[in-house]
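# Observations on chain architecture
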Amino acid sequence: MDVVIVGAGSAGLLAALTLLSERPGASVRMVDAGLPLDDRGRAGPSLGGSGGAGLYLGGRLYVGPAAIPPASPVSTMPGARAIVSGDAYSELARQVDALFTRLGAVAPVRDLPDERLRELIERARDEGLEYVTSYPARFLTADERRRVLDGLFAELRRAGARFTYGTHVADIRRTDDGFALTLRPAGGAEGARAHIEARALILAPGRYGAEWLAGTVTSLGAGVAALPSAFGVRLELPAAVYAPLTAINPDPRLQLPLASDAVVKTYATCPGGYVTPVTRYGRRVASGVPVPADARGPSTTVAVLAQPGVAGAAGAWADGEHAAKRVNDRYPGTLAVQRMGDIRAGRATTARAMDANTVRPTYRDAAPGDLRDLYPDAFWATCEHLLSRIERLAPGVRSDDVLAYAPAEERFWHFPTDERMQTTVPGLFVAGDGPGHSQGSIQAGVAGTLAGRGAAAYLAERANS
Ligand SMILES: Cc1cc2nc3c(=O)[nH]c(=O)nc-3n(C[C@H](O)[C@H](O)[C@H](O)COP(=O)(O)OP(=O)(O)OC[C@H]3O[C@@H](n4cnc5c(N)ncnc54)[C@H](O)[C@@H]3O)c2cc1C
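Residues numbered from 1 in each chain as written. Predicted model: local features only at pLDDT ≥ 70, side-chain atom pairs only at ≥ 80, totals over all residues.

## Some remarks on the sheet that holds strand 7 (residues 167-174)
Paired through backbone hydrogen bonds, the strands of a sheet run either parallel or antiparallel to each other. Here we have 3 strands laid out as an open sheet, ordered 7-8-9, and antiparallel in their pairing. With partners counted over all chains shown, the strands left at the sheet margins are strand 7 and strand 9 (194-198), one partner each. Adjacent strand axes in the sheet meet at a mean angle of 25°, parallel and antiparallel pairs treated alike. In this structure, strand 8 (residues 179-185) lies alongside strand 9, joined through 5 bridges in antiparallel fashion. Of the residues in strand 9, the one forming a bridge with leucine 181 is isoleucine 196. (Pairing = 2+ DSSP bridges. Helix = DSSP H or I, 4+ residues; strand = E, 2+ residues; numbered from the N terminus. Axes fitted to C-alpha atoms, helices over the stretch in contact; angles between N-to-C directions.)

## What to know about the site of the ligand
Around the ligand sit 40 residues in total, of which Gly9, Gly48, Gly52, Gly58 and Gly206 are the nearest. Per-class residue counts for the shell around the ligand are 16 nonpolar, 20 polar and 4 charged. (Near = placed C-beta within 6 Å. Nonpolar A, V, L, I, M, F, W, Y, C, P; charged D, E, K, R; others polar.)

## A closer look at the nonpolar core
In this structure, Val3, Leu201 and Ile202 are the most contacted members of the largest nonpolar core, which totals 71 residues. When neighbours within four sequence positions are excluded, leucine 201 is seen to be in contact with Val3, Val4, Ile172, Phe179, Gly427, Leu428 and Phe429. By size, the runner-up hydrophobic cluster in this structure holds 58 residues, among which are Val275, Ala286, Tyr375 and Leu386. (Core = buried A, V, L, I, M, F, W, Y, C linked by C-beta atoms within 7 Å. Buried ≥ 20, exposed ≤ 12 C-beta atoms within 10 Å, placed from the backbone. Contact = placed C-beta atoms within 7 Å.)

## With respect to the packing of helix 1 (residues 10-22) against helix 6 (residues 142-158)
Packing of helix 1 against helix 6 leaves a shortest axis separation of 10 Å and a crossing angle of 40°. The handedness of the crossing between helix 1 and helix 6 comes out as left-handed. In this structure, helix 1 uses Leu13, Ala16 and Leu17 to contact helix 6, whose residues at the interface are Leu152, Glu155 and Leu156. Its residues assigned to classes, the contact of helix 1 with helix 6 shows 5 nonpolar, no polar and 1 charged. (Left-handed = near helix turned anticlockwise from the far one by under 90°.)

## Considering the domain arrangement of the protein chain
Interface size is commonly expressed as the accessible surface area that is lost when the partners come together. Each assigned domain of the protein chain is listed with its residue range as follows: domain 1 (3-105 + 140-224 + 415-464) and domain 2 (228-412). Relative placement of domain 1 and domain 2: their C-alpha centres are 30 Å apart. Counted by class, the side of domain 1 that touches domain 2 contains 5 nonpolar, 3 polar and 1 charged residues. (Domains from an automatic or database assignment.)

## A short note on the environment of alanine 142
Relative to the helices and strands, alanine 142 is located in helix 6. Alanine 142 gets classed as partly exposed once you count the C-beta atoms within 10 Å, which come to 13. Between the C-alpha atom of alanine 142 and that of leucine 57, which follows or precedes it by 85 residues, the distance is 8.2 Å.

## Here we look at unusual backbone geometry
Residue isoleucine 68 is joined to proline 69 through a cis peptide bond whose omega torsion reads -10°. Following the sequence through the fold, proline 69 ends up in the loop between strand 3 (60-62) and helix 4 (86-103). The omega torsion across alanine 406 and proline 407 is -5°, close enough to zero to call that bond cis. Assignment of secondary structure puts proline 407 in strand 19 (residues 403-414). The backbone of alanine 268 shows a phi angle near 50°, a positive value even though the residue is not glycine. By the element assignment, alanine 268 lies in strand 13 (residues 262-270). Judged by local crowding, alanine 268 falls into the partly exposed class, with 18 C-beta atoms found within 10 Å. Not every positive phi belongs to a glycine, and methionine 421 is a case in point at roughly 70°. Within the secondary structure layout, methionine 421 lies in the loop between strand 19 and strand 20 (428-430).

## A word on helix 13 (residues 377-391)
The end-to-end C-alpha distance of helix 13, which contains 15 residues, comes to 21 Å, matching closely the 21 Å that a straight helix rising 1.5 Å per residue would cover. All buried positions along helix 13 are accounted for by Phe379, Thr382, Cys383, Leu386, Leu387 and Ile390. On an axial view of helix 13, the arc spanned by its buried residues comes to 135°, and they lie on one face. Exposed side of helix 13, more than 90 degrees from the buried face: Asp377, Ala381 and Ser388 are the residues found there. Contacts made by the buried residues of helix 13 are with strand 11 (225-238), strand 12 (254-258), strand 13 and strand 16 (299-308). (Expected span 1.5 Å × (residues − 1). Arc of directions from axis to C-beta.)

## Describing the environment of valine 4
Among the secondary structure elements, valine 4 is positioned in strand 1 (residues 3-6). Valine 4 gets classed as buried once you count the C-beta atoms within 10 Å, which come to 26. Separated by 23 residues in sequence, valine 4 and serine 27 have C-alpha atoms that sit 8.6 Å apart. When neighbours within four sequence positions are excluded, valine 4 is seen to be in contact with Arg29, Val31, Leu181, Ile196, Ala198 and Leu201.

Put into structure tokens, the structure is as follows:
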């Protein structure tokens, strides 16, 4: 095999298409832990599979100016630089968007937010909050998303790409000729392990594959540096309370910049969704499960995270990264939950208080308890600042019956690459949300385009040497 691409989201798909157009006849296999397109709709909610997360589930295309990696609101790694920005980025983004249009995306480009969103952004600004969004943008319907994905897969098949689904790439090692991959059935299913070899690799496992990516890339000898963790809690509140925000955008991202080189922000909102424990970073953390619009329940869940920069994490926020471990140690094997009213009143939440609470927990096995001393005091103070500002946009957010599940944590890494997305190991490319190159489908597509070009050039150089 010439190239194996791990991940069939925006980044992986654009990488494959670019690679095969620049190097027709190359043998390319895409491996994804999730399901093929036709099976995804029939299965339960899942963030992975053909089309990945954003292109399959969201379809909001942000086509405005950006950079790879995206600009950060807090301090980052000394020496980290943009791989592509300005006109060069815009031209690549235009090409990705034009491809989607050719394949069946007809939604018009909106230069500015509509009136409702504009008003919300202004009201957020009046409260000192940044409403994170980007324009111009276009919003694909479910039918358009399906047409685009059908078209992408048809073109890839015509160009000779092969696909393996339901398969997790477990580990990878270097060989004399490139890389050897061990594959196993995804989701813990029993089954024989398989092995494949490739001259070059493009790893595009998305945000939820970032931890796997950091471990894998490190084990292959490429440089990776851990960035400060974002830590906090996942709130659960009545869906109707958050509806003034989620009716306009299902995942409204609000952030409050802090003087201490940090932001406190809302993250991964799931309107009508539910909370579930997942194992991430060797810890049990509270995750939100998004559900389709026609299957939504009575609660909305949204993480509130403090995100320090490199300087902030070494200073005022130094203790935050251990919060998740402290919660796991006190509440082993489950999530902890506390009423926001009890956090404010300085008392633990009891099982009886949970029984009487108006917000019913969607994760019923969470242990009621006390989270206050497990987080830096500054976290609760900034969480309150954030919620009291959001309260003016969505009255009821500061209700004492809102539930805080813990821990919530997001980790990030810096993956040094050249402008072709090649790591410090020749032939090893990374792209998309996983390595932190993107935060959206178009941006991930741009990163994938660069990785596809890079891998094509790498194969050409090898063939000529
Ligand atoms: C619910 C949701 C909705 C979103 N909506 C939007 C939106 O509307 N617009 C937008 O711009 N962005 C959206 N995003 C963000 C968006 O997902 C990304 O920016 C974009 O999809 C990233 O593309 P990617 O290719 O890097 O990763 P992904 O799309 O996440 O794809 C990664 C793929 O890799 C696979 N994978 C991971 N690890 C392995 C492994 N070890 N072995 C095999 N396969 C593996 C996964 O199964 C997955 O299919 C959304 C995100 C979520 C979670």
